[in-house]
Amino acid sequence: MKSIVKILLTTIFIMLSGGVYAQILEFNGFVDTYHAMRISDEHDFLSSRSRLRGELKGEKGKSDFFSSMNASYNNILPSESGIELREAWFRYTTKNLDLKLGRQIISWGQADGIKITDLISPVDMTEFLARDYDDIRMPVDAMRLRYMNKNMSAELVFVPVFQSSILPVQQNNPWSFIDNENAEVFTEVTSPDEPEKIIINSELGGKVSFNLSGIDFAFSGLYTWNKTPVFSSNFSPHFDTIYLTPEHHRLGMCGLEFSRPQGKFVIRGEGAFLIGKRFSPVAENYSLGLIEKNSLNMLIGIDWYAGKEWMVSVQFSDEIILDHEETVANNEHTILATLSVSKKLFRSKLAISSFVYTTYSPEAGKISLFDRTSLDYSLSDELHLMAGVDFFYGDEGMFATYSNNSEVWIKAKYIF
Amino acid sequence: MKTQISKLTIMTLIVAIVIPVTGFAQLTGQQIMQKADDVDKGKSRKTEMKMKLINKRGAERERVLTSKSADYKNVTKSIMFFNAPADVKGTGFLTWDNDVSSKDDDRWLYMPAMKKTRRISGSSAKKEYFMGSDFTYEDMGNRNVNDDTHKLLREEVVDGQKCWVIESKPKNSDHIYSKVISWIRQDAYVATKVEFYDKMGSLQKTLIVSEIKKVDDFWTSHKMHMKNHQRNHQTIIKINSIEYNIDVDETTFTVNALEKGM
C-alpha cells in the first residue's frame, strides 16, 4: 500500500517539477472544527476535533491527478491527530476508456448510508455513524479500469492489498462498543486476524452499468473480504476475561441495483447475494468459532421530491441469513430502515435535515434508532455554520449500545 | 410556462435567427412562438456564465458555471458544472431534455463530497428554483410550445426594436404560472422581455434580456436580468463566453462524464 502511494506521489511530483507541467493546476480545501457534548448528566465531550484538508489536482492532455491530505487535531483521541494522505490517484482517459490508479474512493450502489453492494471502500467507524458519511467512507489503493459508451459502462476493479474497516475499540474512545467499567467479565480485543499482504489475497470486482432514459441499472460481482471484522471469542481459564479476535475472511458478492424516476419520485433498489459470510456464534457456543453462511441483503428506497426544496427519502433493508441455525448469534433477519427529511430555506442559505436509522428485531419485537438532525447555515459562500443533535435510543439492536451517547454538536467549515 | 425564454436553456441561453421576416401580419401567437422555438441554436454549444444573486438588502452572491449541450433525435443533452463558489464547486448536473412533452426528462446530480451520482426527479425538479436564483429549472430549460396556448396581444417597440407581445397560458393547471407575457423581437425571434404571473394572476417576476448580438451567426442573449417582485430578489446571468457547433461526443453527456468533471 505504502509503495503504491509512493509511486503516485512520485508521479505527481514528476508532473509538477520534472518539466511535465500540468496545464491546469488547482489547490482547494477546507478547514473545519467539530465539537460534540453528551446530553446526559456527564455533559462530557464525545468529540472535539479540527482539520485542515488540502486538495491538489492537475490536468494535462488526457491525464489528470488528484491528491488530498488531512492535518487533524483530535482533543479526545490523540492517536487520531496527525497528517494523513487521504486520496492520491492518477487517471488516463481516452474517448471510451479510463484508467484510474492509486488511493481512491470507490462508491457502488444506490443506497444512502447503508452498504449493500458498496463493499470495496471500507468504513471508519471511529465515531460510529456520528460523522458525515463522506468522512466515514475510506479510500482504497486500487486500479480501476472503465470502458464506457453513451448508455453503458463496464468497470474492473483490482485492490491489491487488503484494508480493514476501523472500529471503535479503544478504551479511551467514548464511541467504543466495549464497556469494561460495569462489566462482570472483562473484554479484551486481541490482534486482528488480517490477510497477509500478498497478491493471492488481492480483491477483484466488476460492474456493468446502464444509464438509460427512464431507468438506471447495474450488475456487479466482487471477490473480496469482510472489511468489517467479525469477532470470534475465547475465555480466560477463570472465565473472567473474554478475548475478542477480529477476523477477516473471503467473501463473494453478486449484486444488482436500479434507480427509476416516476413523476415526483425516484425508486431505488439494490440487492446482494453474499457467499461465505462469517457470523459469530451465540455465547454458549463460542468454541464453535465463526459460522459460515450465505446471506441475501436487499434494499428498496423511495425519494420524494416534494417541491419547494423539500425532500423525503425512505429506505428499507433486510439481510436474510440463508439456512439459519440457532447457533448463529445474529437473527435470521436483520431489518434496517432509514428516513431522511430535508428542507432548504432562504434561497438555500439554510438547510435543515434529519436522517433516522432504525433497526427492528422481529424475534424480540424491539427497535433501536439513531437520529441525526442538523442545521446548516451558509454565512457566506465559503463559511458554513452547523449545529445538530444526535439521538440514540433502544434496548436491543445496533444503536442501543450508544443509548448513553446522545449528543449536541456544533461545526464550522471554511472552504477555500 | 416559460416561453421562448424557456428555450434559453442554462447552457444555451441563446437564440439564433436568420429567418426572413416577411408576412408578419399573418402570423398567429402560436406560429410566432413555434418559430422562436424552432430557431437554430446550432447542433451543440459550450457556455461559461456568471450568475449574480442580489437580495433585498443589496447583498450579492455569485455562481460561475460551465456547460455543454447538444441536440440529438428527440432529446437535448446537457452537462453543467459549478466552478464557484467554493461550497458548490464541482457539483454537476446531467440532463436529457426529452422533446416529447409526455415523457419526463432524465436528470442526475453529482455530489463531489460524496463522490456519488444520484438520479433525481425529472418532473418536480423543473419547478424548483435553481441554486438559490430567481430562475426555476423550467425557466432555464425547455417547455414544449404545445403545452401552452399562445395569443398575439399587440405589437410594441422596445428599446428601438419592433416586438410582438404574446400571452401564453398553460393548458394544464399544474404549471407554477397562470400566464406568461413575452415580448418577441421581430428581427430575431428572441424574447427581450418576459413577465411571469403567479397562480393568483399577480405579476411575480420580470425578465429583461439584453446585449443580444450575433456570435458565429447565431443571435445570442448575453445578459438576463430576472426580478422577483414578490420576494424583492434579483438574479443576473451574464454569458462570459459561448461557442457553437463544438466538437462534442455523446459520451460527454453520461454519468461517467459527470463523475469525471469538465
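(A) Region of interest: the sheet that holds strand S12 (residues 241-247) of chain A. Residue and element names in this part refer to chain A. Pairing is mixed across the open sheet formed by three strands, whose spatial order is S8-S12-S11. Edge positions in the sheet fall to strand S8 (186-189) and strand S11 (230-235), since each of these pairs with one other strand and no more. Direction aside, the axes of adjacent strands within the sheet are offset by 30 degrees on average. Pairing of S8 with S12, which is carried by four bridges, proceeds in the parallel orientation. When the bridges of S12 are listed, Glu188 appears paired with Tyr243.

(B) The arrangement of the pairing of strand S14 (residues 265-279) of chain A in detail. All names here are of chain A. The sheet contact formed by strand S13 (residues 250-262) and S14 spans eleven bridges and is antiparallel. Opposite Gln262, over in S14, you have Phe265 as the bridge partner. From the end of S13 to the start of S14, which pair antiparallel, there are two residues, and Gly263 there has a positive phi angle of about 65 degrees.

(C) Structural view of unusual backbone geometry. A cis amide bond links Ala84 of chain B with the next residue in sequence, Pro85 of chain B, at an omega value of 5 degrees. Here Pro85 of chain B shows up in the loop between strand S3 (75-84) and strand S4 (92-98). Even without a glycine there, the phi angle at Glu309 of chain A is positive, about 60 degrees. Of the residues examined, Glu309 of chain A reaches a relative accessible area of 24% and is grouped as partly exposed. A positive phi angle, near 65 degrees, is found at Asn74 of chain B, a position not held by glycine.

(D) Summary view of the nonpolar core. By size, the foremost hydrophobic cluster in this structure holds 47 residues, and its most contacted members are Phe93, Phe130 and Leu207 of chain B. Among the nonpolar cores identified, the runner-up in size contains 36 residues, and Tyr133, Ala142, Val157 and Val159 of chain A belong to it.

(E) Highlighting the packing of aromatic side chains. Here the structure, examined in full by the defined rule, presents 28 aromatic pairs over all chains. One aromatic cluster is present, built from ring pairs that chain together Phe128, Trp175, Phe355, Tyr357, Phe370, Phe392, Phe399 and Tyr402 of chain A. In this arrangement the basic side chain of Lys179 of chain B is found over the ring face of Tyr197 of chain B, its NZ or CZ atom lying 4.7 Å from the centre.

(F) Just the interface of chain B and chain A, in detail. Of the residues lining the interface, 38 residues belong to chain B; the matching set on chain A comes to 50 residues. Counting the surface lost from both chain B and chain A, the interface buries some 3,600 Å², and carbon and sulfur atoms represent 44% of this. Its salt-bridge partner being Asp381 of chain A, residue Arg61 of chain B comes within 3.9 Å of it at the nearest N-O pair. Linking chain B with chain A are 25 residue pairs in polar contact (both at pLDDT 80 or more). Of all the secondary structure elements, the ones that give two or more residues to the side of chain B that touches chain A are strand S2 (60-72), S4, strand S5 (106-111), strand S6 (116-120) and helix H4 (255-260) of chain B. A per-class count over the side of chain B that touches chain A returns eight nonpolar, eleven polar and 19 charged.

(G) The arrangement of the pairing of strand S11 (residues 203-215) of chain B in detail. Residues and elements named next belong to chain B. The pairing of strand S10 (residues 191-197) with S11 spans five bridges and is classified as antiparallel. Within S11, the residue paired with Lys193 across the bridge is Ile208. Turn length for the S10-S11 hairpin, with the two strands adjacent in sequence and antiparallel, is five residues, and the turn residue Gly201 shows positive phi of about 90 degrees. Bridge count between S11 and strand S12 (residues 218-228): ten bridges; the pairing is antiparallel. From the neighbouring strand, Thr206 faces S12, where its bridge partner is Lys227. As consecutive antiparallel partners, S11 and S12 are separated by two residues, and within that stretch Asp216 has a phi angle of approximately 50 degrees, a positive value.

(H) View of a nonpolar patch on the surface. Residue and element names in this part refer to chain A. Taken together, the side chains of Met37, Ile39, Phe45, Tyr360, Ile367, Val389, Phe391, Tyr393 and Val408 define a hydrophobic patch exposed on the protein surface, amounting to about 750 Å² of accessible area. Counting residues per element, the nonpolar patch draws most heavily on strand S20 (residues 383-394), at three residues. Mapping Phe45 onto the fold places it in strand S2 (residues 45-60).

(I) Here's a closer look at the side chain of Arg45 of chain B. Residues and elements named next belong to chain B. In this structure, Arg45 sits in strand S1 (residues 44-54). On the accessibility criterion, Arg45 (0% relative accessible area) is buried. Of note is the side chain of Arg45, whose polar atom sits 2.8 Å from the side chain of Ser69.

(J) Spatial organisation of the environment of Gly54 of chain A. All names here are of chain A. With respect to the secondary-structure elements, Gly54 resides in strand S2. You can call Gly54 buried: its relative accessible area is 17%. With 362 residues separating them in the primary sequence, Gly54 and Phe416 have C-alpha atoms 9.3 Å apart.

(K) Region of interest: the environment of Ala283 of chain A. Its place among the elements puts Ala283 of chain A in the loop between S14 and strand S15 (291-307). When its relative accessible area of 57% is taken as the criterion, Ala283 of chain A is described as exposed.

(L) Geometry of the environment of Arg119 of chain B. Looking at the element boundaries, Arg119 of chain B is found in strand S6. According to the relative accessible area criterion, Arg119 of chain B is buried, its value standing at 2%. Within the structure, Arg119 of chain B has its side chain in polar contact with the side chain of Asp216 of chain A (distance 3.1 Å).

(M) Focus on the confidence of the model for chain A. Chain-level statistics for chain A give a pLDDT mean of 92 and a share of 95% at 70 or above. At the level of individual helices and strands, chain A shows its lowest average pLDDT in helix H1 (residues 2-17) of chain A, which scores 52, and its highest in strand S10 (residues 215-225) of chain A, which scores 98.

About the criteria used
Residues numbered from 1 in each chain as written. Chains lettered and ligands numbered in written order. Predicted model: local features only at pLDDT ≥ 70, side-chain atom pairs only at ≥ 80, totals over all residues. Heavy atoms only, no water. Pairing = 2+ DSSP bridges. Helix = DSSP H or I, 4+ residues; strand = E, 2+ residues; numbered from the N terminus. Axes fitted to C-alpha atoms, helices over the stretch in contact; angles between N-to-C directions. Buried < 20%, exposed > 50% of the residue type's maximum accessible area, 1.4 Å probe, protein only. Core = buried A, V, L, I, M, F, W, Y, C linked by side-chain atoms within 4.5 Å. Phe/Tyr/Trp six-rings, centres within 6.5 Å; stacked < 30°, edge-to-face > 60°. Lys NZ or Arg CZ within 6 Å of the ring centre and 35° of its normal. Contact = heavy atoms within 4.5 Å. Buried area = accessible area lost by both parts, 1.4 Å probe. Salt bridge = Lys/Arg side-chain N within 4 Å of Asp/Glu carboxyl O. Polar contact = N/O pair within 3.5 Å; in protein donor to acceptor, adjacent residues only side chain to side chain. Nonpolar A, V, L, I, M, F, W, Y, C, P; charged D, E, K, R; others polar. Patch = residues over 30% accessible without salt bridge, like charges linked within 9 Å, V, L, I, M, F, W, Y side chains within 5 Å. Areas by Shrake-Rupley, 256 points an atom, 1.4 Å probe, with all protein chains shown as cover. pLDDT = per-residue confidence, 0-100.

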